[in-house]
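Inside the fold
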Amino acid sequence: MRRHLLSVDDLSREDIERILRRAESFAEVSGREIKKVPTLRGRTVINLFYEASTRTSSSFELAAKRLSADLVSVKSSGSAVEKGESLKDTVQTLSAYDPAAIVIRSPQAGAAALVARWTRASVINAGDGKHEHPTQALLDLYTLKRRAGSLEGLRVWIVGDVLHSRVARSNILAFTRMGCGVTVCGPPTLIPRGIESLGCEVRYTLDELGKADAVYALRMQRERMTGSFVPSLREYAAQYQIDCRRLGPSQLLMHPGPVNRGVELAAEVIDSPQALITEQVESGVVVRMAVLYELLAGGGAPSPVRAPETEAPQPA
Amino acid sequence: MRRHLLSVDDLSREDIERILRRAESFAEVSGREIKKVPTLRGRTVINLFYEASTRTSSSFELAAKRLSADLVSVKSSGSAVEKGESLKDTVQTLSAYDPAAIVIRSPQAGAAALVARWTRASVINAGDGKHEHPTQALLDLYTLKRRAGSLEGLRVWIVGDVLHSRVARSNILAFTRMGCGVTVCGPPTLIPRGIESLGCEVRYTLDELGKADAVYALRMQRERMTGSFVPSLREYAAQYQIDCRRLGPSQLLMHPGPVNRGVELAAEVIDSPQALITEQVESGVVVRMAVLYELLAGGGAPSPVRAPETEAPQPA
Amino acid sequence: MRRHLLSVDDLSREDIERILRRAESFAEVSGREIKKVPTLRGRTVINLFYEASTRTSSSFELAAKRLSADLVSVKSSGSAVEKGESLKDTVQTLSAYDPAAIVIRSPQAGAAALVARWTRASVINAGDGKHEHPTQALLDLYTLKRRAGSLEGLRVWIVGDVLHSRVARSNILAFTRMGCGVTVCGPPTLIPRGIESLGCEVRYTLDELGKADAVYALRMQRERMTGSFVPSLREYAAQYQIDCRRLGPSQLLMHPGPVNRGVELAAEVIDSPQALITEQVESGVVVRMAVLYELLAGGGAPSPVRAPETEAPQPA
């Protein structure tokens, strides 16, 4: 495996399978009362977040801590103008601490690749603009595989604002690599031209949604709902909302969260047994533990989780 | 004891006594150079704070760390409109990490009880609007008991803005449960009607303050001092400020902090030996350690603190 | 050594030499994969930062964590008016947790000395207004000594806005104490009158810069570039910018960061092999580990780093 995880394209099918197996072994750790292994003890992981993100940042934070790493969190709003410059300076400063990994979230596409040029640390892309969000794709693969048993040949529909979605990009790449058939669906204004080149099909209506084994609804950014992309919220929901009429009883439902209730998803499907949304969040920690493990301690090593961290027994 | 600590009403007198004893054993730990026990090693505590609070959040943070838990801090200003919705989503997301406890501070009364519905974690109310702040009441009991020897039969006056105070509510419940006689005192506009039903007496002047063994002054919120509640700051201080003329030499003085010097308290009494204000802050960490212990590791188990965390001896 | 580190004046030459030796032993730890020693296990270090500072705060955070201390970070913007009052209250509150050290960064000169009056903890000045920044000076000494072999007799020029610089003040004191000859240079408006009393010489042009063994460029605060101090940015750069024409091939270059590229330094010198700027950042962590060690665990004790933290061996 490469030193960085910048894009799903950095991962071979074998890499992905190894990460998913590793995540499964960490799921066993997370089921214990003491959810911790000493794998990365004394190593430093830096969370460098230029966008607010409770979900992703706390998930990486817990992943690092459950591997016993020291986590340093650097959050910066960063002024728009100086961003390019200050990102480099910040990365060079942080790199001087010799961290094992830098986890970077940025509103700029390509930011993670830039960071990787400026540091000896392993760089993990935790979302860079509209470009990619590879650990999201990995946790989605992990979640779907656990429920469906196998990914091979599964038909996955990705529905919504594909144009602005880094999750869509990473997931098209990831699902196709694992042998799924991927269809993207949404209003023509929100489907990028030429997206078929990534190996997916395109539909502009949900008429054939019944063919899907799993439906992956994207978050509709509220700021995109007005203006030229969609005529109105109601219009969008009328045509593309996943509800219990459209979702068949044997189809699985996924969403990267947070959900806009009543927009891309109807309330009744969110909490249905078909929905994997909570499992996706749960998978976040173990999949990120697996990614950190593979980048920082991996290389065909045996499972790190045979024994829990043992220390002087707790007296009470 | 229940799984959550949402209100002082969740606690029997026996529960409170057990927590106070446990806190005492942790006070012994806190007196050591190595202020740490391995009790909650590998377990996750989430601080979810929707209101700024250096004091309470850092106190819970230290309590968790001194029990060797992994602490994740989530701070959110949260927009007023979406609050109800986003609280649920946030809690469900955080719960997917299988935390042992969620500590919640919110400007909304009842928020902690809502959180408890949405998670399998133990929920600790760290202040919910004007409703309750039970760990504050517990640390006040602990502090007063240490100084006074026993709580039984002590006469406590709670003075100030009772109407807007979650501390007042929790403390009336806690002091009466432990056998104290409680009197609340303040301007009629700041004493809620029917407060007597909680088991306290009501006075509108400090004329009989001499009867108190302990005087608990509430923080006067500056934003309440103007407008309809009190005619003016000076007027309020003239009638209700605790100063050295009003406070007898054998009476104890408490305050939840931070103090408005020269408003509810005169400067001369704040640093007097009668004031327990610093002890209250000190007690915060050990009482919160005790609460975390009782909720997460307790149940009649023997004291967790007989032996300190032992590890490979430090070479230097 | 004293209990606090408020100013370079608190340190004898022997103190400084001991800190530099200790930092060297920590540099050996930082070169390991497990960058951690158990020296401060179970002790609490509080980072109290009233000014934003990624660099200094993350450096102290890592230093504390690599010594196994529990770090609590308190960041406050703090309103200008109440600052004096609230600093005292905050410090008294935090002191009630019995921390081993409080690291304070404040825009007010003298803030660290005030904090030291209000707490039993060791106080480390991480920058107080225009006054001092002693750990910066120590890491600069450490960096220069590593490269130059010895500090004795080195000629150091400090160039730029000396008037507003706490770094300049601390470094003049530190370099002279260690036997360097210090010259400060800048526009007359940015050199404080009487600065010679600290033991340095003054020049207003770079004409004799060739005499320097090391050139220490100060950060030019953008907000000072307009107005009465310098006629214009271009004017300043024309006269005082360090570029490859002015910097001789055997002269060393230092800067406290972050650099204003093209203002105090020309791009070509920043990444040259003569520049120690990255080494300065690297030194930050080990020098701050050394300072924490000397204040909290020191006193002639043998080196803390003979053996790494040993625990149950990691299975994988």
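1. So, the overall build of chain A
- Along the backbone of chain A there are ten helices and nine strands.
- The 316 residues of chain A split such that 53% are buried.
- When contacts within chain A are restricted to residue pairs at least 6 apart in sequence, those whose partners lie at least 24 apart make up 72%.

2. Regarding helix α4 (residues 111-118) of chain A
- Within the sequence span of α4(A), burial applies to A:Ala111, A:Ala112, A:Val115 and A:Ala116. Down the axis of α4(A), the sector holding all buried residues measures 140 degrees, keeping them to one side.

3. Examining the confidence of the model for chain A
Residue and element names in this part refer to chain A.
- Per-residue pLDDT for chain A averages 90, and the proportion of residues at 70 or more is 90%.
- Overall, residues 78-84 carries pLDDT values under 50, and its contacts beyond four positions in sequence, including any with other chains, amount to four contacts.
- Below pLDDT 50 for its whole length, residues 300-316 participates in 45 contacts with residues either more than four positions away or in separate chains.
- Here the complex is predicted with pTM 0.89, and the ipTM for its interfaces comes to 0.86.

4. Section: the pairing of strand β3 (residues 101-106) of chain C
All names here are of chain C.
- Counting buried positions along β3 gives six out of six residues, so the element sits mostly inside the fold.
- Burial along β3 is two-sided: the residues Ala-101, Val-103 and Arg-105 and Ile-102, Ile-104 and Ser-106 are all buried.
- Pairing geometry for strand β1 (residues 44-49) and β3, over five bridges, is parallel. Residue pairing across strands places Val-45 opposite Ala-101, the latter belonging to β3.
- Regarding topology, helix α4 (residues 111-118) serves as the crossover connection from β3 to the parallel strand β4 (residues 122-128), and that connection is right-handed.

5. So, the sheet that holds strand β2 (residues 70-75) of chain C
All names here are of chain C.
- Ordered by their spatial adjacency, four strands build an open sheet running β2-β1-β3-β4, and the pairing between neighbours is parallel. The open sheet is flanked by β2 and β4, the only strands paired with a single partner. Recorded for the sheet is a direction-independent mean angle of 15 degrees between the axes of neighbouring strands.
- Sheet topology note: the β3/β4 ladder contains five bridges and is parallel. Within β4, the residue paired with Val-103 across the bridge is Ile-124.

6. Overview of the domain arrangement of chain A
Residue and element names in this part refer to chain A.
- Domain annotation for chain A reports domain 1 (8-132 + 283-296) and domain 2 (135-278).
- The gap between the C-alpha centroids of domain 1 and domain 2 is 25 Å.
- Counting from both sides, the interface comprises 20 residues of domain 1 and, opposite them, 17 residues of domain 2.
- Taken together, the elements giving at least two residues each to the side of domain 1 that touches domain 2 come down to α1 (13-30), β4 (122-128) and α10 (277-296).

7. Thoughts on the nonpolar core
- Counting 311 residues, the largest nonpolar core has A:Ile158, A:Leu292, B:Ile158, B:Leu292, C:Ile158 and C:Leu292 as the members making the most contacts within it.
- Excluding its chain neighbours within four sequence positions, the residues that come into contact with C:Leu292 are C:Leu40, C:Val45, C:Ala63, C:Ala64, C:Leu67 and C:Ala101.

8. Notes on the sheet that holds strand β3 (residues 101-106) of chain A
- Pairing is parallel across the open sheet formed by four strands, whose spatial order is β2-β1-β3-β4 (chain A). Where the open sheet ends on each side, the last strands, each with one partner, are β2 (70-75) and β4 of chain A. With direction set aside, neighbouring strand axes in the sheet form an average angle of 15 degrees.
- Contacts from α4(A) reach β3 and β4 of chain A, with the element oriented near 160 degrees to β4(A).
- Strand contacts of helix α2 (residues 54-66) of chain C: β1 (44-49) and β2 of chain A, with the helix running at about 170 degrees to β2(A), the strand carrying the most contacts.

9. A short note on the packing of helix α1 (residues 13-30) of chain B against helix α10 (residues 277-296) of chain B
Residue and element names in this part refer to chain B.
- Remark: α1 packs on α10, axes separated minimally by 8 Å, with the N-to-C direction vectors making an angle of 120 degrees. Judged on the interaxial angle alone, α10 and α1 are oblique. For α1 against α10, the interelement crossing comes out right-handed. Contacts from Arg-18, Ile-19, Arg-22, Ala-23, Phe-26, Ala-27 and Ser-30 of α1 reach α10 at Val-285, Val-286, Val-287, Met-289, Ala-290, Val-291, Tyr-293 and Glu-294.
- Its residues assigned to classes, the contact of α1 with α10 comprises eleven nonpolar, one polar and three charged.

10. Details of the packing of α2(C) against helix α10 (residues 277-296) of chain C
Residue and element names in this part refer to chain C.
- Across the interface, α2 lies against α10 with an axial gap of 8 Å and an inter-helix angle of 60 degrees. Looking at the two axes, α2 sits oblique to α10. The way α2 lies across α10 gives a crossing that is right-handed. Mapping the contact onto sequence places Ser-59, Phe-60, Leu-62, Ala-63, Ala-64 and Arg-66 in α2 and Gly-284, Val-285, Arg-288, Met-289 and Leu-292 in α10.
- For the contact of α2 with α10, the class distribution of residues is seven nonpolar, two polar and two charged.

11. Description of unusual backbone geometry
- Of note, the bond from B:Gly257 into B:Pro258 is cis; its omega dihedral lies within 30 degrees of zero at -10 degrees.
- Look at A:Ser68: it is not a glycine, yet its phi comes out positive at around 70 degrees.
- Among the structural elements, A:Ser68 can be located in the loop between α2 (54-66) and β2.
- With phi around 55 degrees, A:Asp98 is a residue other than glycine that occupies positive phi space.
- In this structure, A:Asp98 sits in the loop between α3 (83-95) and β3.

12. Digging into α10(B)
- Between its first and last C-alpha, α10(B) extends 29 Å over 20 residues, near the 28 Å set by a 1.5 Å rise per residue.
- Burial analysis of α10(B) places 18 of its 20 residues in the buried class, the great majority of the element.

13. Details of the environment of C:Leu6
Residue and element names in this part refer to chain C.
- On the secondary structure map, Leu-6 appears in the segment before α1 (13-30).
- Taking C-alpha positions, Leu-6 is 22 Å from Phe-26, a pair spaced 20 residues apart along the chain.
- With near-sequence residues (within four places) excluded, Leu-6 lies in contact with Ala-112, Ala-113, Ala-116, Val-123 and Asn-125.

14. Things to note about the environment of B:Ala237
- Along the chain, B:Ala237 falls in helix α8 (residues 233-240).
- Residues in contact with B:Ala237, not counting those within four places in the same chain, are B:Gly262 and B:Val263.

15. Quick word on the environment of A:Val115
All names here are of chain A.
- Tracing the sequence through the fold places Val-115 in helix α4.
- Sequence spacing of Val-115 and Thr-90 is 25 residues, and the spatial spacing of their C-alpha atoms is 9.7 Å.
- Beyond its immediate stretch of four places on either side in the chain, Val-115 contacts Val-91, Ile-102, Ile-104 and Val-123.

Calculation rules
- Residues numbered from 1 in each chain as written.
- Chains lettered and ligands numbered in written order.
- Predicted model: local features only at pLDDT ≥ 70, side-chain atom pairs only at ≥ 80, totals over all residues.
- Helix = DSSP H or I, 4+ residues; strand = E, 2+ residues; numbered from the N terminus.
- Buried ≥ 20, exposed ≤ 12 C-beta atoms within 10 Å, placed from the backbone.
- Contact = placed C-beta atoms within 7 Å.
- Arc of directions from axis to C-beta.
- pLDDT = per-residue confidence, 0-100.
- Pairing = 2+ DSSP bridges.
- Right-handed = clockwise from strand over helix to strand, strands pointing away.
- Axes fitted to C-alpha atoms, helices over the stretch in contact; angles between N-to-C directions.
- Domains from an automatic or database assignment.
- Core = buried A, V, L, I, M, F, W, Y, C linked by C-beta atoms within 7 Å.
- Parallel < 35°, antiparallel > 145°, perpendicular 65-115°, else oblique.
- Left-handed = near helix turned anticlockwise from the far one by under 90°.
- Nonpolar A, V, L, I, M, F, W, Y, C, P; charged D, E, K, R; others polar.
- Expected span 1.5 Å × (residues − 1).

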